[in-house]
Amino acid sequence: MNKPAFVPANIFRHFSTITRHRHVVMKHCFKAGIPVQGLLHDLSKYMPSEFIYGVRYYKGNRSPNEGEREDYGYSKAWMHHKGRNKHHFEYWTDYNLEIHKVAPVKMPLKYVIEMFCDRVAASKIYLKDTYSQTKPFEYFDGGRHKRSIHPETSAFLEKLLVMLRDKGEDYTFAYIRKYRASHRDY
């Protein structure tokens, strides 16, 4: 185990990164027509059970959870986070009576939209000047083999990410607002 030293300067750096991320997600959620979710997005990251690990494993160009996973084989902060934030597909699993094991559950529409907003914002924050509207889809596509997500949820998220890649933010957020106005599901 290679527990990193606690670097006091990382308190401000991590706080700044998660706050900038929240603000970008908020902006996107407002554009998508889900403002309350934007305001409440990722508040658990400020709780000690997530924040302390975020400071300890802060790098600035990736999630601190990755470093914690490298040291422990799992991330305590991520376990806490995904259990409290419904915009993560990992939250949406339950015991399936038909197959007798835990399986992905289809996410409600508003959380898939928030997940889209989150993924775009994370790409912007971590990639900085190298961000382009193709990057969120590339990240999604590159992790396809590692995910356990409900097929309909995955297909709808992919549809939005491809739309972003091919048609841009303005078009995609307009589509999301129009879609939400006439659909309760996907």
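Scope of this entry: the structure provided in the associated data block. (Residues numbered from 1 in each chain as written. Predicted model: local features only at pLDDT ≥ 70, side-chain atom pairs only at ≥ 80, totals over all residues. Heavy atoms only, no water.)

## Observations concerning the overall build of the chain
Along the backbone of the chain there are 9 helices and 2 strands. The helix and strand sequence of the chain, counted from the amino end, reads α-α-α-α-α-β-β-α-α-α-α. For 186 residues, the compact-globule estimate of 2.2 N^0.38 gives 16 Å, and the C-alpha radius of gyration of the chain, at 17 Å, lies within 12% of that figure. The dimensions of the chain, computed from C-alpha atoms along their principal axes, are 50 × 45 × 30 Å. For the chain, with 186 residues in total, the buried portion stands at 44%. In the chain, the share of contacts with a sequence separation of at least 24, taken over all contacts with a separation of at least 6, comes to 63%. (Helix = DSSP H or I, 4+ residues; strand = E, 2+ residues; numbered from the N terminus. Rg over C-alpha atoms; globule rule 2.2 N^0.38 Å. Buried < 20%, exposed > 50% of the residue type's maximum accessible area, 1.4 Å probe, protein only. Contact = heavy atoms within 4.5 Å.)

## Description of the layout of surface pockets
By volume, the largest pocket is sized at about 1,300 Å³. Surrounding the largest pocket, 41 residues form its lining, S63, E66, W78, H88 and Y139 being those nearest its centre. Going through the elements one at a time, α1 (9–32), α3 (48–56), α4 (64–72), α5 (76–82), α6 (109–127) and α7 (135–142) are the ones with two or more residues in the lining of the largest pocket. At 8 residues, α6 tops the list of elements feeding residues into the lining of the largest pocket. When grouped by side-chain class, the residues that make up the lining of the largest pocket number 13 nonpolar, 16 polar and 12 charged. (1 Å grid on protein atoms, 1.4 Å probe; cavity = no way out; pocket = protein on both sides within 12 Å on 5 of 7 lines; lining within 4 Å. Points joined across faces, edges and corners; volume = space filled by probe spheres on them. Nonpolar A, V, L, I, M, F, W, Y, C, P; charged D, E, K, R; others polar.)

## A short note on the side chain of N10
Assignment of secondary structure puts N10 in helix α1. If we skip the residues at most four places from it in the chain, N10 touches F15, V55 and Y58.

## What about the nonpolar core?
Inside soluble globular proteins, nonpolar side chains tend to come together where they are buried. Counting residues in hydrophobic clusters, the biggest one holds 30 residues, and the most contacted among them are M107, F116 and C117. Of all the elements in the fold, those that place two or more residues in this core are α1, α6, α7, α8 (151–167) and α9 (169–182). Setting aside residues no more than four positions away along its own chain, C117 makes contact with V25, H28, C29, A32 and F173. (Core = buried A, V, L, I, M, F, W, Y, C linked by side-chain atoms within 4.5 Å.)

## Description of a positive patch on the surface
A surface patch of positive charge is lined by K86, K110, R180 and R184. Counting through the fold element by element, K110 comes out in helix α6. Of the residues examined, K110 reaches a relative accessible area of 39% and is grouped as partly exposed. (Patch = residues over 30% accessible without salt bridge, like charges linked within 9 Å, V, L, I, M, F, W, Y side chains within 5 Å. Areas by Shrake-Rupley, 256 points an atom, 1.4 Å probe, with all protein chains shown as cover. Salt bridge = Lys/Arg side-chain N within 4 Å of Asp/Glu carboxyl O. Lys, Arg positive; Asp, Glu negative; His and termini not counted. Charge placed at Lys NZ, Arg CZ, Asp CG, Glu CD.)

## Describing a nonpolar patch on the surface
A contiguous nonpolar patch, built from F30, V36, L39, L40 and L43 and spanning about 480 Å² of accessible area, is present on the exposed surface. Considering every element that reaches the nonpolar patch, the biggest residue donor is helix α2 (residues 35–40), with 3 residues. One can find L39 in helix α2.

## So, α9
With 14 residues, α9 ought to run about 20 Å at 1.5 Å a step, and its terminal C-alpha atoms sit 20 Å apart, in line with that. Of the residues making up α9, those classed as buried are E169, T172, F173, I176 and Y179. In a view along the axis of α9, the buried residues occupy a sector of 125°, so they form one face of it. Relative to its buried face, α9 has exposed residues pointing more than 90 degrees away, namely D170, K178, A181 and S182. Close packing links the buried residues of α9 with α1, α6 and α8. (Expected span 1.5 Å × (residues − 1). Arc of directions from axis to C-beta.)

Function cannot be inferred from these measures alone, as they are strictly geometric.
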